[in-house]
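Coordinates in review
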Amino acid sequence: MEKRNVQRCSGTTRRRRWWGLRRRWRMLGLFEINQEHEFYSFTCLMKEGLHAALQTTIDTPGPDELSAEHYKSEQTQVHKDYEMQTFAGLVFSSLRYSLDINEEEYKRSLSSDCCYLQFMSNSKSKADFFLTNDKRFFLKTQNKQEVKFLLSNLMAYMDHLEKYPHSLLVRFLGLHSIQVPNETKKYFIVMQSVFYPDERIDTRYDIKGCEVGRWTDPASTGSPVKILKDNNFEGKHIILDQKSSWLVDQVEIDTAFLRSLNVLDYSILLAHQPLHKDELDGKHSFSNLIVRTEKSMAQDSPTEEDHPTIPLLGGDSFRLASDTIDSGPDHVQDTGEHSGHSIHCQEINLPSVNSTDAELHEFHAHHRRLLPNFKNSVHVIDGPELRYFVGIVDIFTVYGLKKRLENLWKSLCFPGRAFSTVSPATYSQRFCRWVKDHTK
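Computed from a prediction, not measured in an experiment: that's the story for all the values here.

**With respect to the overall build of the chain**
Tallying secondary structure elements over the chain gives 13 helices and 17 strands in all. By the burial criterion, 50% of the 440 residues in the chain qualify as buried. Look at the contacts in the chain between residues 6 or more apart in sequence, and 71% of them connect residues 24 or more apart.

Written out as structure tokens, the structure reads:
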């Protein structure tokens, strides 16, 4: 009898925790896509199709080097009631590998028996937004024009991430479509969630660097999730101290890349949470520093050809290549305090000996940020007191005829005011200025 009472209490506790979790999700604007939900059938097709597509990727070893054909590849898998198409599968697989995302783990997250979550935001986009149940991966429906744009610029995007592995651009992890007979084909993209892990995040911002239409009433009853905007951030700052110049420089580099693609209207997602005391203490510990350094350098994956290497972690002592590479954010010197500790040796690729001073300086400046020791770390920057989640998203809006006409109309409606629809050059300059003005 006593055992039965214990089991009953345990079951009651689990149910209370589950309902409490569901309640918190609803407060955050995350709605479980159960059997009564309008997207239940669609998300079931997504999960089944992704499971099969990713299993194929797991069973088929990828090439040592990507070719132009890999960027053009389209793989179709026929299921009972639909077809699932995967675009440039090996390209996205290589990107996941560079981010240390295990394929089995990725498949498990995307095809879990647990329901997806629908993300309800105050975005003007007509897209549908979903999160995996663990909230690590974000899925978003795309229109055909956006898919064409991404595929046509995928090689440039991959080249940019290889050159700047700590880029703040959102990481696209997969591109797919589902075709149900007699229905419109639906395209969707999988990406890393910028806000992960989000347990202690209570405020999120979507920043474009302008003022018109850039205010969200925190007390409004519209969307449960409050995505605040530029004007809500007025008077606040991103406090990073010695990492502030790195953030400003990286945003300039990323926006210059977007300007080269002739795009505008992208946003920087921003959130923060206070660092716990153990995080503040552990962040500077020797063992944690080693892990963070290894994680940081694991993001750098250039080929070894024509690139000399130097030890990152020596066998007898900790050395962060300080004798060869100039100091930067989170610079650490070899003090010799830990001599005698045996540490796995890791190598870092350096630019070739024929590189110019400018290339060497660029390498030093953008391969030195120590990443926090958890998943999805490229979008996380630790300041003295706060942990910031930062990522540049929505990079599909091309400055074509429609946007040029919108620019003209807004110029007449809002003379002398800053609005989002401007030329890519103006947009990137203003965007960078906002980041610089609000970072300390």
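There's more to say after this.
**A closer look at the sheet that holds strand 15 (residues 380-382)**
Ordered by their spatial adjacency, five strands build an open sheet running 10-9-12-16-15, and the pairing between neighbours is mixed. Two strands lie at the open edges of the sheet, namely strand 10 (227-228) and strand 15, each paired on one side alone. The sheet contact formed by strand 9 (residues 204-207) and strand 10 spans two bridges and is parallel. Opposite Arg204, over in strand 10, you have Ile227 as the bridge partner. Here helix 8 (residues 244-260) sits on the sheet in contact with strand 12 (267-274), strand 15 and strand 16 (386-393), set at roughly 10° to strand 16.

**With respect to the sheet that holds strand 1 (residues 30-32)**
What the eight strands build is an open sheet, ordered 1-4-5-6-8-7-3-2; its pairing is antiparallel. Whereas interior strands pair on both sides, the edge strands pair on one side only; in this sheet they are strand 1 and strand 2 (74-78). For this sheet, the mean inter-axis angle between neighbouring strands, taken without regard to orientation, is 25°. Relative to strand 5 (residues 129-131), strand 4 (residues 117-119) runs antiparallel, the two sharing two bridges. By the bridge assignment, Gln118 is partnered in strand 5 with Phe130. Of the strands in this sheet, strand 3 (83-87), strand 6 (137-142), strand 7 (172-179) and strand 8 (186-192) touch helix 6 (residues 144-152), which is tilted by about 140° from strand 7.

**A look at the packing of aromatic side chains**
Counted under the stated rule, the structure contains 15 aromatic pairs. Ring geometry for Tyr157 and Phe172: centres 5.4 Å apart, planes at 40°, overall tilted. Of this pair, Tyr157 sits in helix 7 (residues 154-163) while Phe172 is found in strand 7, placing the two residues 15 residues apart along the sequence. By relative accessible area, Tyr157 is classed as buried at 2%. On the basis of relative accessible area, Phe172 is assigned to the buried category, the value being 2%. Just above the ring of Tyr116 sits the side chain of Lys47; from NZ or CZ to the centre is 5.5 Å. Note that Lys186 overlies the ring of Phe42, its terminal NZ or CZ placed 4.6 Å from the centroid.

**Topic: the pairing of strand 7**
Across a regular strand the side chains alternate sides, sitting on one face of the sheet and then on the other. Of all the eight residues making up strand 7, seven are buried; the element is thus mostly covered by neighbouring parts of the structure. Sheet analysis places strand 3 next to strand 7, joined by five bridges and oriented antiparallel. Directly across from Glu83, in strand 7, lies its bridge partner Gln179. Pairing of strand 7 with strand 8 involves six bridges; the strand directions are antiparallel. Within the sheet, the bridge partner assigned to Ser177 lies in strand 8 and is Tyr187. Here strand 7 folds back onto strand 8, and the loop between the two strands holds six residues, one of which, Asn182, carries a positive phi near 65°.

**Let's talk about the packing of helix 7 against helix 8**
Contact pair helix 7 / helix 8: the axes reach a minimum separation of 11 Å and the direction vectors enclose 165°. Accordingly, the angle class assigned to the pair helix 7 and helix 8 is roughly antiparallel. Read as a crossing pair, helix 7 and helix 8 show a hand that is right-handed. In this structure, helix 7 contributes Ala156, Tyr157 and His160 to the contact, and helix 8 contributes Ile253, Asp254 and Phe257.

**Looking at unusual backbone geometry**
Here the residue pair Tyr196 and Pro197 is connected by a cis peptide bond, since its omega of -5° sits within 30 degrees of zero. Structurally, Pro197 can be placed in the loop between strand 8 and strand 9. In this structure, Ala88 takes a positive phi of about 50° despite not being glycine. For Ala88, the location among the structural elements is in the loop between strand 3 and helix 4 (89-98). The phi dihedral of Asp100 is positive, around 60°, even though this residue is not glycine. By secondary structure assignment, the location of Asp100 is in the loop between helix 4 and helix 5 (103-110).

**Comments concerning the nonpolar core**
In this structure, Leu110, Leu139, Tyr157, Phe172, Ile178, Leu247 and Ile392 are the most contacted members of the largest nonpolar core, which totals 91 residues. With six residues, the top contributor of residues to this core is helix 8.

Definitions and limits used
- Residues numbered from 1 in each chain as written.
- Predicted model: local features only at pLDDT ≥ 70, side-chain atom pairs only at ≥ 80, totals over all residues.
- Heavy atoms only, no water.
- Helix = DSSP H or I, 4+ residues; strand = E, 2+ residues; numbered from the N terminus.
- Buried < 20%, exposed > 50% of the residue type's maximum accessible area, 1.4 Å probe, protein only.
- Contact = heavy atoms within 4.5 Å.
- Pairing = 2+ DSSP bridges.
- Axes fitted to C-alpha atoms, helices over the stretch in contact; angles between N-to-C directions.
- Phe/Tyr/Trp six-rings, centres within 6.5 Å; stacked < 30°, edge-to-face > 60°.
- Lys NZ or Arg CZ within 6 Å of the ring centre and 35° of its normal.
- Parallel < 35°, antiparallel > 145°, perpendicular 65-115°, else oblique.
- Left-handed = near helix turned anticlockwise from the far one by under 90°.
- Core = buried A, V, L, I, M, F, W, Y, C linked by side-chain atoms within 4.5 Å.

Function-wise, these values are silent; they only describe arrangement.
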